[in-house]
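Fold and contact review
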Amino acid sequence: EVQLVESGGGLVQAGGSLRLSCAVSGSTFDDYVIGWLRQAPGKEREGVSCIMTNDGSTYYADSVKGRFNMSSENAKNTVYLQMNSLKPEDTAVYYCAARDTYGSTECPVEYDYWGQGTQVTVSS
């Protein structure tokens, strides 16, 4: 019942910026998590960041802390991932995902709903 659609991926040179968007629709509980995850070729999927929709708290993986910023626009049911100072190692397919009734100070490992992903390629 929950659907997520990512957009904003593309090709950018190292040091550049991109903003990803995730539009959320369908029935959703008030207290849920929206996360960004990524998967690079030959590597396991890893969590990038997440936002707790109940209070707006955000959390980030150490690899992106200080470079990536997550925010939400509640009126549009949309979350964003602002990516700055991009590095070639940031190249991956980026997914947004949702998990309901989650209460923690860290991002979940498992999610209930997934978007289709958007490709981010950072050239050197």
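See the structure above.
The text that follows walks through the structure, step by step, so that each part is easy to find. This one's a predicted model, so the numbers in the text were calculated from it and none came from an experiment. (Residues numbered from 1 in each chain as written. Predicted model: local features only at pLDDT ≥ 70, side-chain atom pairs only at ≥ 80, totals over all residues. Heavy atoms only, no water.)

Here we take up the overall build of the chain. Within the chain, the regular secondary structure consists of zero helices and 11 strands. Reading the secondary structure of the chain in the N-to-C direction produces β-β-β-β-β-β-β-β-β-β-β. By the compact-globule yardstick of 14 Å for 124 residues, the chain fits well, its C-alpha radius of gyration being 14 Å. By its C-alpha atoms, the chain is 40 × 30 × 25 Å across when sized along the principal axes. (Helix = DSSP H or I, 4+ residues; strand = E, 2+ residues; numbered from the N terminus. Rg over C-alpha atoms; globule rule 2.2 N^0.38 Å.)

Attention shifts here to the sheet that holds strand β7 (residues 68–73). Within a sheet, neighbouring strands are paired by backbone hydrogen bonds and run either parallel or antiparallel to one another. An order of β1-β3-β8-β7 is seen for the four strands of this open sheet, with the pairing classed as antiparallel. Sheet topology places β1 (3–7) and β7 at the edges, where each strand pairs with a single neighbour. Each strand axis lies, on average, 20 degrees off the axis of its neighbour in the sheet, ignoring direction. In this structure, strand β3 (residues 18–25) lies alongside strand β8 (residues 78–83), joined through six bridges in antiparallel fashion. Bridge pairing in β8 places Cys-22 opposite Val-79. (Pairing = 2+ DSSP bridges. Axes fitted to C-alpha atoms, helices over the stretch in contact; angles between N-to-C directions.)

It is worth spelling out the side chain of Thr-118 at this point. Looking at the element boundaries, Thr-118 is found in strand β11 (residues 118–123). A polar contact of 3.2 Å, which involves the side chain of Thr-118, links it to the backbone nitrogen of Gly-9. If near-sequence neighbours (up to four positions away) are discounted, Thr-118 is found in contact with Glu-6, Ser-7, Gly-8, Gly-9, Leu-20, Ala-92, Val-93 and Tyr-94. (Polar contact = N/O pair within 3.5 Å; in protein donor to acceptor, adjacent residues only side chain to side chain. Contact = heavy atoms within 4.5 Å.)

Attention shifts here to unusual backbone geometry. Positioned with a positive phi, Ser-85 is a non-glycine residue whose angle comes to about 50 degrees. Secondary-structure assignment places Ser-85 in the loop between β8 and β9 (92–100).

What follows concerns the environment of Asp-100. Among the structural elements, Asp-100 can be located in strand β9. Take Asp-100: its relative accessible area is 24%, and that puts it in the partly exposed class. Between the alpha carbons of Asp-100 and Thr-53 there is a distance of 9.9 Å; along the sequence they are 47 residues apart. (Buried < 20%, exposed > 50% of the residue type's maximum accessible area, 1.4 Å probe, protein only.)

Tracing the backbone shows Ala-23 in strand β3. Not counting residues up to four positions away in its chain, the partners in contact with Ala-23 are Gln-3, Leu-4, Val-5, Asn-77 and Thr-78.

Once that is clear, we can look at the nonpolar core. Counting residues in each nonpolar core, the largest one holds 26 residues, and the members touching the most others are Leu-4, Ile-34, Trp-36, Phe-68, Leu-81, Met-83 and Tyr-94. Contributions of two or more residues to this core are made by β3, β4 (32–39), β5 (46–52), β7, β8, β9 and β11. Other than its neighbours up to four places away in sequence, Leu-4 contacts Cys-22, Ala-23, Val-24, Ile-34, Cys-96, Ala-97, Ala-98, Tyr-113, Trp-114, Gly-115 and Gln-116. Residues Val-33, Leu-37, Tyr-102 and Tyr-111 belong to the second largest nonpolar core, which totals seven residues. (Core = buried A, V, L, I, M, F, W, Y, C linked by side-chain atoms within 4.5 Å.)

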